[in-house]
Amino acid sequence: MVYLWLRAETKAMEHRAALTPSTCKTLLDRGFKITVERSPERIFDDEEYAKVGCHMVPIGEWRKAPKEAYINQGGWTEILSRFDEGQGTILDLEFLNDAQGRRVAAFGYHAGFAGAAIGVDDWCHQKLNPGQVLPPYKPFPNETTLISHIKERLDRAVALNNGDIPEVMVMGALGRCGKGACDFARAVGIPEEKIIKWDMAETKAGGPFPRILQAEIFVNCIYLNQPIPPFFTPAMLDGDRKLSVIVDVSCDTTNPHNPIPVYSINTTFDKAVVEVVTKNPLPLEVCSIDHLPTLLPRESSEAFSRDLLPTIIDLEKREESAVWGGAEALFREKVQAMRSVR
């Protein structure tokens, strides 16, 4: 019998869950055992888990979990040595890859969707409330509510902008994240010709790319796995541009090769954007929230958990699973690297 343990989330403004009540029911019906820590932050009520048959326990009880339990554990890089010393194993959900090296489950689509939502909303705010700070965000109950809220604001902002609809440029448009960003733009009524979709074909020559500065909203959705030239430089922002909102969904804030070298902090839902000071009087703000999907915690969790389900079921025969084997091999590799520098 496979034993899963869902911990309570402790990160501020994080409401997602890797296991949803519907996924738990499927697993329980297969004979899995599931313990769920109660959580006031999780988008799913404790009663939703209890109703499908999960065993509910107080926050923090994972410390008493039996050795055979698979525990939903965050921040593995900080606790690597503890797992090594305790002869445990970390199987990181972010590194569960199929034979093609593609993640079996990811929040990318909803990261792009939510990132584009905040980008369009911030552009609207600049038009509707010039000079005022963007108000804090709270999670939306569903996509329909989010789309309706921002579409109403966009209609008013466009009217103030002489009827001109903003152009949204999406970098990495063919990936999960980029598709989410494009879908949101369409959902609020931005015409297809105003959604500029760039991917590897358009960027193969390398940056900088002055074209970005002619879009009002730029959404970066690339996966950065090697050094690349910057998309634009700080000096370029001083010149002629329409760009007033940057959403860095990729959030490579601390990466020395960050292709958007105009900011250095992660923003939060309480303070979603940071100002970029330029010589151009047109405002410019960057959103760099590193857990954007929690703007839509229920739907993003359901999508992630649904994609993850077949791999979770494979825990019944983990020793035969290439996906779980790859995650364990990565853990052993990182442990060995850590030991070598001690």
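What counts and how
- Residues numbered from 1 in each chain as written.
- Predicted model: local features only at pLDDT ≥ 70, side-chain atom pairs only at ≥ 80, totals over all residues.
- Heavy atoms only, no water.
- UniProt positions renumbered as here; feature names shortened; annotations may be inferred.
- Helix = DSSP H or I, 4+ residues; strand = E, 2+ residues; numbered from the N terminus.
- Rg over C-alpha atoms; globule rule 2.2 N^0.38 Å.
- Buried < 20%, exposed > 50% of the residue type's maximum accessible area, 1.4 Å probe, protein only.
- Contact = heavy atoms within 4.5 Å.
- Areas by Shrake-Rupley, 256 points an atom, 1.4 Å probe, with all protein chains shown as cover.
- Lys, Arg positive; Asp, Glu negative; His and termini not counted.
- Charge placed at Lys NZ, Arg CZ, Asp CG, Glu CD.
- Axes fitted to C-alpha atoms, helices over the stretch in contact; angles between N-to-C directions.
- Parallel < 35°, antiparallel > 145°, perpendicular 65-115°, else oblique.
- Left-handed = near helix turned anticlockwise from the far one by under 90°.
- Nonpolar A, V, L, I, M, F, W, Y, C, P; charged D, E, K, R; others polar.
- Salt bridge = Lys/Arg side-chain N within 4 Å of Asp/Glu carboxyl O.
- Core = buried A, V, L, I, M, F, W, Y, C linked by side-chain atoms within 4.5 Å.
- Expected span 1.5 Å × (residues − 1).
- Bend = angle between axes of the 7 residues up to and from the residue.
- Polar contact = N/O pair within 3.5 Å; in protein donor to acceptor, adjacent residues only side chain to side chain.

- The protein is annotated in an unreviewed UniProt entry as Saccharopine dehydrogenase [NAD(+), L-lysine-forming] from Linnemannia gamsii.
- Looking at the protein in UniProt, the text filed under Subunit (unreviewed entry) is "Monomer."
- UniProt annotates the protein under Sequence similarities (unreviewed entry) with the comment "Belongs to the AlaDH/PNT family."

## A look at the overall build of the protein
Inference 1: A tally of regular secondary structure across the protein gives nine helices and ten strands.
Inference 2: A globule of 342 residues ought to have a C-alpha radius of gyration of about 20 Å, and the protein, at 22 Å, matches this closely.
Inference 3: Projected onto its principal axes, the C-alpha positions of the protein cover 65 × 45 × 30 Å.
Inference 4: For the protein, buried positions account for 49% of its 342 residues.
Inference 5: Here the analysis covers contacts within the protein between residues at least 6 apart in sequence; of these, 74% occur between residues at least 24 apart.
Inference 6: Looking at the protein as shown, the accessible area adds up to about 16,900 Å², and 52% of this sits on carbon and sulfur atoms.
Inference 7: Counting 39 positive and 47 negative side-chain charges, the protein places the averaged centre of each group 2 Å from the other.

## Examining the packing of helix α1 (residues 21–29) against helix α8 (residues 297–313)
Inference 1: Contact pair α1 / α8: the axes reach a minimum separation of 9 Å and the direction vectors enclose 20°. With respect to α8, the element α1 is oriented roughly parallel. In terms of crossing hand, the pair formed by α1 and α8 is right-handed. Residue-level contacts link Ser 22, Thr 23, Thr 26 and Leu 27 of α1 to Glu 302, Ser 305, Arg 306, Leu 309, Ile 312 and Ile 313 of α8.
Inference 2: Considering only residue class, the contact of α1 with α8 consists of four nonpolar, four polar and two charged.

## Looking at the UniProt feature "binding site: NAD(+)" (unreviewed entry) in the protein
Inference 1: Taken from the UniProt record, the annotation "binding site: NAD(+)" (unreviewed entry) applies to Arg 102, Gly 175, Arg 176, Asp 199, Thr 203, Tyr 223, Val 249, Ile 289, Asp 290, His 291 and Leu 292. Across 191 residues of sequence, these annotated residues are also dispersed in space, with a maximum C-alpha separation of 26.2 Å.
Inference 2: Mapping Asp 290 onto the fold places it in the loop between β10 (285–287) and α8.
Inference 3: Note on Asp 290: relative accessible area 45%, which makes it partly exposed.

## Observations regarding the side chain of Asn 220
Inference 1: Note on placement: Asn 220 falls in strand β7 (residues 217–220).
Inference 2: What makes Asn 220 buried here is its relative accessible area of 0%.
Inference 3: Apart from residues no more than four positions distant in its own chain, Asn 220 is found in contact with Met 171, Phe 231, Val 247, Asp 248, Val 249, Ser 250 and Ile 260.

## As for the pattern of salt bridges
Inference 1: Counted under the stated rule, the structure contains 18 salt bridges.
Inference 2: Note that Arg 156 and Glu 152 form a salt bridge whose closest N and O atoms lie 2.7 Å from each other. Placement of both Arg 156 and Glu 152 in helix α5 (residues 143–160) is noted, with a separation of four residues, approximately one turn of the helix.
Inference 3: Here Arg 156 falls in the partly exposed class, since its relative accessible area comes to 40%.
Inference 4: Here Glu 192 ties to Lys 197 by a salt bridge, and the two come within 2.9 Å at their closest N and O atoms.
Inference 5: Three or more residues are tied together by salt bridges with common partners; here these are Asp 183, Arg 186, Glu 192 and Lys 197.

## Some words on the nonpolar core
Inference 1: With 44 residues, the main nonpolar core has Val 120, Leu 146, Phe 184 and Val 219 as its most contacted residues.
Inference 2: Put simply, the parts of the chain that give this core at least two residues each are α4 (108–128), α5, β5 (168–171), α6 (176–187), β7 and β8 (245–248).
Inference 3: Per-element tally for this core: the top contributor is α4, with ten residues.
Inference 4: Not counting the four nearest positions on each side in its chain, Val 219 is found in contact with Ala 116, Val 168, Met 169, Val 170, Met 171, Ala 181, Val 247 and Val 249.
Inference 5: Counting residues in hydrophobic clusters, the runner-up holds 29 residues, among them Leu 4, Tyr 49, Val 104 and Leu 315.

## Quick word on α8
Inference 1: Here α8 contains 17 residues, and its C-alpha end-to-end distance of 23 Å stays within 8% of the 24 Å for a straight helix at 1.5 Å per residue.
Inference 2: If you look at α8, its biggest bend is around 35°, right at Asp 307, and the proline Pro 310 turns up within four residues after that.

## Some points on α5
Inference 1: Taking 1.5 Å per residue, 18 residues should reach 26 Å; α5 reaches 26 Å between its end C-alpha atoms and fits that length.
Inference 2: Those residues of α5 hidden inside the fold are in contact with α4 and α6.
Inference 3: The backbone nitrogen of Thr 144 lies 3.3 Å from a side-chain oxygen of the residue at the head of α5, namely Asn 142.
Inference 4: Two residues or fewer past α5, Asn 162 is found with a positive phi of approximately 60°.

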